[in-house]
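So you can see what is in the structure, the chains are spelled out below.
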Amino acid sequence: MPQNDNRHFHRSRDSVSPGTLGTFAGVFTPSIMTILGIILFMRLGYVVGNAGLARALIIVAVANAISILTSISLAAIATNLKVKSGGDYYLISRTLGIEFGGSIGIVLYLAQSVSIAFYCIGFGEIIAPLLALQKSYLPQIIAAAAIAFLFVFAWLGADWATRFQYIVMTILGVALVSFFAGGFLKWDSHLLSQNWATPPGGISFWVLFAIFFPAVTGFTQGVSMSGNLKDPGHSLPLGTFMAVGISIIIYFLAAITFAATLPNSVMAQHYDAMRRVAYLDYLITAGVVAATLSSAMASFLGAPRILQSLASDRIFPILMPFAKGHGPSDNPRRGVLLSAGIAFATVSLGKLNLIAPVVSMFFLISYGLLNYATFYEARAASPSFRPRFRWFDWRLCLLGALVCLAVMLAIDFKSGIIAVAFLLAIFQYLKRTAGPARWADSRYSYHLQLIREHLLATTAEPEHPRNWRPQILAISTDPQRTEQLLRFSSWIEGNSGLSTVVRLLEGDGLAMLKLKAENEKELEAQLAELKSTAFPLVMVVPDKVTGLQSLIQAYGIGPLHANTLLLNWHGESRAKILGLQEMSNGQLLQRGLRYGCNVVVLDIKDDKWAAIEAIPKEERRIDVWWQDDDTGRFMLLVSYLMTRNEPWRDATIRLLAFEKEESRTERHASLEAMLEEIRIDAQVVIISEISDDVIVENSEDAALAFLPFRIRQNQMVDFWGHSLESQLFLLPVTAMVMAAEDIDLDAAPEEGEAAETAAVLDTLTDAQKAARRTEKEAEKSKAKMIAAKEKFESLIADGDPDDDEDDELRKAKKDLKRAEELAQKTSRRAAKAAAKVQQAEQEAQSLGLVIDENGEDKSKDDSK
């Protein structure tokens, strides 16, 4: 390929001369002339005649609702970006990424190119009857001639085409005036009421909708010309809304005018209904010619520019030659040629009603994705999303996307599924072949927003052993062993955890910043080469002990924090694990255990690592030296997680446990039952005596072994107190493990913090109910006591208090005594109930719960 041509493939949009078109010429004119096109002049009457005015107005309303919703999305996203060449494709690709961008770019280009033929066939259908020739293929010949005529303007460029459009728009305006004038003179209110209902035997609603929908697709023509606009951010929303608003009024008035002037039967059988209504019918013919040619011209200008933008992004290598433009305006002449070829091929189909649903499908996909792209951008809540257009809501954008999808499937379910499948096929192809991102889209921001929301949601929920996942800090001072350490880390993640590979650099001062940057770049390159999913982290620390302690405590955010420390083993002598001379391995590891990190020390030697690779996947065995404690359960869990990875999917886990000879059978049975209960498949092997030789003898042929360790006198020893050095020399790759967390492999959902919290709240609720009940009882008893006392005092006042013969006085005295005893009893019950409430509240507060006056937990609401 010549060198000059190759430069065009790398040509930036910013290198092209700035646009010269304003709102009226660049957006409103091409949009309004495409909307007021062939459907208005030749199919709106047909739709009204077959559907009746009521359903026709619904069709117009639904179609325009899609255009309004999409215009809102377009205005929001266009005023948030500096829109460059490519229109819809540019907006979608810069929001949803290269895969969706490339997919919709192809669809949009095909839609615009097919539209050229669509409008030109309409032109042929109106011109053919005016000629004396009676040939069935005459409309196609006329359409092909129209394509050739418009090709000249498209070849010359947008400036020439816009001059042509001013003439066309004048003709359109005169034709519409003639139509509405004729409708005014022929208005028949009785006929209008007759045409309101759907005539019998009419065409189905969605078939008519598919025929009509291309009428409203022109509002994005201005977007396709975005590269030729002086100020796209201002012109695109203003020009689009002007075109959509005016066209909606015209379509509704035109539909009503048709229904008030012609019977449904006439409109349903004749495509020239507008000529029959117009005051001067020849002006309608001129209007049809102008409408079809102007709409085709707009598509002829838009399609090549979408292709040029797509080619400039180098997404599809085969399209790269179409990136080259011509002249100061970078006119995409190669794209013009290809669009003309597609249009000529489409003309061979011949029928307008056959092509209309295809055009509808293509545009519905593009509008749906444009709405979704704006919803996606708004939903990401990025600080950079600051559209000048304020009158939008992300819910409207989502509604627009869903309406487009629903209408696609309603028009033709099979065709809709095929169209979506075609889009997804291109998406999947680009996902595999596109390579690294070529621009910053909104996906990164969207994922960050999801992380934020999910972290906040996780914080509001209590932790539970069922939700435990490995969060690994892999620290290596030996770059040669980093690869093995990362691969092992990815294995024990089990596709459920996260790994961070860490480098600790000792030092201080500005020089360390440069060293830190170099190490970060080196580490990122190594991770990229290994295709590792681990995150890189380089820390400058005053010393490695302080750095390790700070790392473990500070790593993570919210509920996501490190729980496993992974290190390389270099031997038991001092200064081995992190290169420290001042402390032993045991002292160092105690720092990690103290802050709640499980510790895994991996013994890797090149010959042992190579031995793993040599073992067939189905013959690999993982040995776990079992102790019935948290370390044993942790080793068993991560060995199971290893089998979730492809290299270990068929591996066998073997559980080796020590037990005296006389208890071997019972021990074996209990371990089998435990494995069944925790749902982990493993073979149980009981060892009756333990020693270095026994450990080596049983595990030397394994692919990998998990061995528990302890720290004794600041040195690492195995669980039985034996030295590790002699064992590791003869064992395979070995992970020495010590757990710092409580590991529960079969925690029930009803156990844990959530269950404890629920029990405390239940106790508090019951106590409060009992307190309220006893308090009411105490109040009633007190009221009865007061009433009894008042009665007794009244009788005393009226008689002799020492007269024991007075039965009424004696009875009142007994009632008072009983009332006083009951009041005291209920008062004591109320006091006890109140004490229980206070105790329950204190217990709830000790768990960190915030209790309101109704006894409800408000801590969750506060966290949200």
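Everything discussed here concerns the structure shown above.
Residues numbered from 1 in each chain as written. Predicted model: local features only at pLDDT ≥ 70, side-chain atom pairs only at ≥ 80, totals over all residues. Heavy atoms only, no water.

**Description of the overall build of the protein chain**
Line of reasoning, step 1. Helices and strands together make up the secondary structure of the protein chain, namely 32 helices and 13 strands.
Line of reasoning, step 2. Dimensions of the protein chain along its principal axes, counting C-alpha atoms only, are 115 × 110 × 60 Å.
Line of reasoning, step 3. Look at the contacts in the protein chain between residues 6 or more apart in sequence, and 81% of them connect residues 24 or more apart.
Line of reasoning, step 4. Entry remark: accessible area of the protein chain is about 39900 Å², with carbon and sulfur atoms responsible for 56%.
Line of reasoning, step 5. Positive and negative charge centroids in the protein chain, built from 83 and 95 side chains respectively, lie 11 Å apart. (Helix = DSSP H or I, 4+ residues; strand = E, 2+ residues; numbered from the N terminus. Contact = heavy atoms within 4.5 Å. Areas by Shrake-Rupley, 256 points an atom, 1.4 Å probe, with all protein chains shown as cover. Lys, Arg positive; Asp, Glu negative; His and termini not counted. Charge placed at Lys NZ, Arg CZ, Asp CG, Glu CD.)

**As for the pairing of strand β11 (residues 704-712)**
Line of reasoning, step 1. Counting buried residues along β11, seven of its nine residues qualify, which places the element largely inside the surrounding structure.
Line of reasoning, step 2. Of the strand pairs in this sheet, strand β8 (residues 621-626) and β11 are connected by three bridges, and their pairing is parallel. Bridging across to β11, D623 finds its partner in A705.
Line of reasoning, step 3. In this structure, β11 lies alongside strand β13 (residues 733-738), joined through five bridges in parallel fashion. Bridge assignment links P708 to a residue of β13, and that residue is V737.
Line of reasoning, step 4. As paired elements, β11 and strand β12 (residues 715-718) share four bridges and run antiparallel to each other. Residue pairing across strands places F709 opposite D718, the latter belonging to β12.
Line of reasoning, step 5. In this antiparallel pair of consecutive strands, β11 and β12, the connection spans two residues, and Q713 shows a positive phi of 55°. (Buried < 20%, exposed > 50% of the residue type's maximum accessible area, 1.4 Å probe, protein only. Pairing = 2+ DSSP bridges.)

**Considering a nonpolar patch on the surface**
Line of reasoning, step 1. Taken together, the side chains of F184, L185, Y279, L280 and Y282 present a nonpolar region at the surface, about 610 Å² in accessible area.
Line of reasoning, step 2. Along the polypeptide, Y282 turns up in helix α15 (residues 281-312). (Patch = residues over 30% accessible without salt bridge, like charges linked within 9 Å, V, L, I, M, F, W, Y side chains within 5 Å. Salt bridge = Lys/Arg side-chain N within 4 Å of Asp/Glu carboxyl O.)

**Notes on the side chain of Q549**
Line of reasoning, step 1. Note that Q549 resides in helix α23 (residues 544-554).
Line of reasoning, step 2. We classify Q549 as buried; its relative accessible area is 18%.
Line of reasoning, step 3. Residues within four places of Q549 in sequence aside, it is in contact with R591, R594 and Y595.

**Some remarks on the pairing of strand β3 (residues 535-541)**
Consecutive side chains along a regular strand alternate between the two faces of the sheet.
Line of reasoning, step 1. In terms of strand pairing, strand β2 (residues 498-506) meets β3 through seven bridges, oriented parallel. Opposite L505, over in β3, you have V540 as the bridge partner.
Line of reasoning, step 2. Read as a crossover between parallel neighbours, the route from β2 over helix α22 (residues 510-530) to β3 is right-handed. (Right-handed = clockwise from strand over helix to strand, strands pointing away.)

**Overview of the packing of aromatic side chains**
Line of reasoning, step 1. One pass over the structure, following the stated rule, counts 27 aromatic pairs.
Line of reasoning, step 2. Judged by centre distance (4.7 Å) and plane angle (45°), the rings of F100 and F427 are tilted. Here the residue F100 occupies a position in helix α6 (residues 98-127), and F427 occupies one in helix α19 (residues 413-433), the gap between them amounting to 327 residues.
Line of reasoning, step 3. Taken together, a centroid distance of 5.9 Å and an interplanar angle of 40° make the contact between F363 and Y367 tilted. On the criterion of helical spacing, the pair formed by F363 and Y367 is a turn pair, its members being four residues apart in helix α17 (residues 352-379). As far as burial versus exposure is concerned, F363 and Y367 are alike and both buried.
Line of reasoning, step 4. Every member of this aromatic cluster is reached through a ring pair, and the members are F205, W206, F209, F213, F219, F363 and Y367.
Line of reasoning, step 5. Over the face of the ring belonging to Y271 we find R43, whose NZ or CZ atom lies 3.6 Å from the ring centre.
Line of reasoning, step 6. When the ring centre of W648 is taken as reference, the NZ or CZ atom of R620 above it lies at 5.2 Å. (Phe/Tyr/Trp six-rings, centres within 6.5 Å; stacked < 30°, edge-to-face > 60°. Lys NZ or Arg CZ within 6 Å of the ring centre and 35° of its normal.)

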